[in-house]
Amino acid sequence: MSSATKGASQSRDAYFDFSNLKGDLFGGLTAGIVALPLALAFGEASGAGPIAGLWGAIFVGFFAALFGGTGSQVSGPTGPMVVVFAGLYAALGGNPGLVFAAAVLAGLMQIAFGLLRFGQYVKLVPYPVISGFMSGIGVIIIALQLARLFGHEPDGGGTIPAFTAVPHALANPNLVALGIATLTLAIVFTWPKRLASIVPGPLVALVVGTLVSLFIPGAPILGEIPTGFPDFVVPTFDTGTLLIVLEAAFILAVLGSIDSLLTSLVADNMTRTRHKSDKELVGQGIGNALGGFFGAIPGAGATMRTVINIRSGGRTRISGMTHAAVLLAIVISLGPLASKIPHAVLAGILVKVGIDTIDFSYLKRAHKGPRWDLALMVLVLGLTVFVDLITAVAVGVVLAALAFIKKLADDQIAAVGEAAPRQSSEEEVNMLSRAGGRVMLFDFGGPLSFGAAADLGHHVRSRAGNKVEIIILDFARVPFLDVSAVTAVETIIEDAEDNGREVYFSGMSTHVAQLLEKFAAPNVPGQEETRFSSRLEALDTALDRLRAKGAPVPAE
């Protein structure tokens, strides 16, 4: 571990840690330079204009660093957030009051997520779902820039209009814009990694492409960009668009939370630290809410900028705040120069961002893993591109949860169907053998899922047959039950009583016993004489009971 990392670890209780000040300042400066072309490109792609992207990077970058829970994280506009915001901007006709009301609401929702400690749940989204919607967002980013590479604008917002605009753009290209876009793509894709830490490729492409446009005019440019501090935007609502605003705010809040916490995990791995999920959500929410009042597009933790910050020496919140300060200085001093930037340059930079967003690392290995995970990833990708993000994530999470419950239920049912529990001791196996099939032991092997509960009674009944006289239900590894599981236990006992069998309970925790006593039928969980602390005790009593009935039980 480097001395800077050790210093950060030793001083982690201090809100501002100045032990790595030089590294933080250099990391923030480098991240700010890298963020400049991306912020301009994301702002232009959002529909709100390049300056909105820069203010998004400034507001979210500063306040998420100041109040967040990941010291080395750099925040600002990201591909996923811009895709949602651009759709909202188009749907609301660019009305600032309505559009930025959604940004403010998204920030407030993120603050609520953090205060309610939802950070731990956001991280439970399965990887194939995350991979699918991130790859889908990459496809959307690329699709929205295809026409711009040829000097044209897509017809309206959304993926399908972006694709349908491509044939016309191909048939009627603006050759100057196409040449600048080709040059931009060549630079961002071939820029040497050894130089990237000194001068990032996107910044070189931005400068070179703009200079070429000045000498060879003809490509569409950004035009006049406001300078100075932004105006205050008063959020407005009306009944006709309230549902659109609320839905977009929720998507932005959830997506921004997932994006930020995934970046936090990357930062943890690189710095050997541990972020605070809920605090990070509060910081992101404050940045997005305040930014929304000043016409800044919402953002999240940005993986590439965070990695560059860490590699350049950044370790604490000072680095993220420095990154925002650098961008603020650029906005105030160099705003007029940005008006000369061609659309084709920003489009080329965003195509690279889109390709980097697609999860090629998973796609290369997907055929080696479970086919269901690959199918889920492809489904979520398709829904993301052609329907919307909230549907994609919701469907993906529900299907992943159902698939997991199905696998868990199958394993639990298989365990119930085995002749002896999987973790039986030699003594238990011996005792079951001496019972001659008249005692049946069922080990639930863990939390009893509602998926397994539905078929549990049937499997116990079919395995018991006609010979079994005593059934032992072992709850030693069952920490909790739900209503479905309680109902399944009731069914087992009712079937046993109808067939003249006795039911013993072993290893039942106080919590499980109390739930059964309060919720289940009076005969569940049985009388004290049928409840035992261990399986061995229950088996020993069962053998004694068989002997009392006159059944032959071999000696040990």
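The text that follows walks through the structure, step by step, so that each part is easy to find. (Residues numbered from 1 in each chain as written. Predicted model: local features only at pLDDT ≥ 70, side-chain atom pairs only at ≥ 80, totals over all residues. Heavy atoms only, no water.)

A few words now on the pattern of salt bridges. Per the counting criterion, the structure on display carries seven salt bridges. Its salt-bridge partner being Lys352, residue Asp356 comes within 2.8 Å of it at the nearest N-O pair. Separated by four residues within a single helix, Asp356 and Lys352 lie in helix H17 (residues 343-357), roughly one turn from each other. By relative accessible area, Lys352 is classed as partly exposed at 21%. Note that Glu502 is salt-bridged to Arg545, the shortest N-O span being 2.7 Å. With Glu502 in strand S5 (residues 502-506) and Arg545 in helix H25 (residues 535-548), this pair connects stretches of sequence that are 43 residues apart. Taken together, the shared-partner salt bridges in this structure form one network comprising Glu428, Asp474 and Arg535. (Salt bridge = Lys/Arg side-chain N within 4 Å of Asp/Glu carboxyl O. Helix = DSSP H or I, 4+ residues; strand = E, 2+ residues; numbered from the N terminus. Buried < 20%, exposed > 50% of the residue type's maximum accessible area, 1.4 Å probe, protein only.)

Attention shifts here to the packing of aromatic side chains. Per the stated rule, a full pass over the model turns up 17 aromatic pairs. Measuring from centroid to centroid gives 6.4 Å for Phe59 and Phe63, while their planes differ by 20°, and the two rings are stacked. On the criterion of helical spacing, the pair formed by Phe59 and Phe63 is a turn pair, its members being four residues apart in helix H3 (residues 50-67). By relative accessible area, which is 13% here, Phe59 ends up buried. (Phe/Tyr/Trp six-rings, centres within 6.5 Å; stacked < 30°, edge-to-face > 60°.)

The next thing to look at is the layout of surface pockets. In this structure, the largest pocket spans a volume of roughly 1,500 Å³. In this structure, the largest pocket is lined by 45 residues; those nearest its centre are Thr303, Met304, Val307, Asp356 and Thr357. For the lining of the largest pocket, the residue count by class is 26 nonpolar, twelve polar and seven charged. Considered as a void within the structure, the second largest pocket measures approximately 670 Å³ in volume. (1 Å grid on protein atoms, 1.4 Å probe; cavity = no way out; pocket = protein on both sides within 12 Å on 5 of 7 lines; lining within 4 Å. Points joined across faces, edges and corners; volume = space filled by probe spheres on them. Nonpolar A, V, L, I, M, F, W, Y, C, P; charged D, E, K, R; others polar.)

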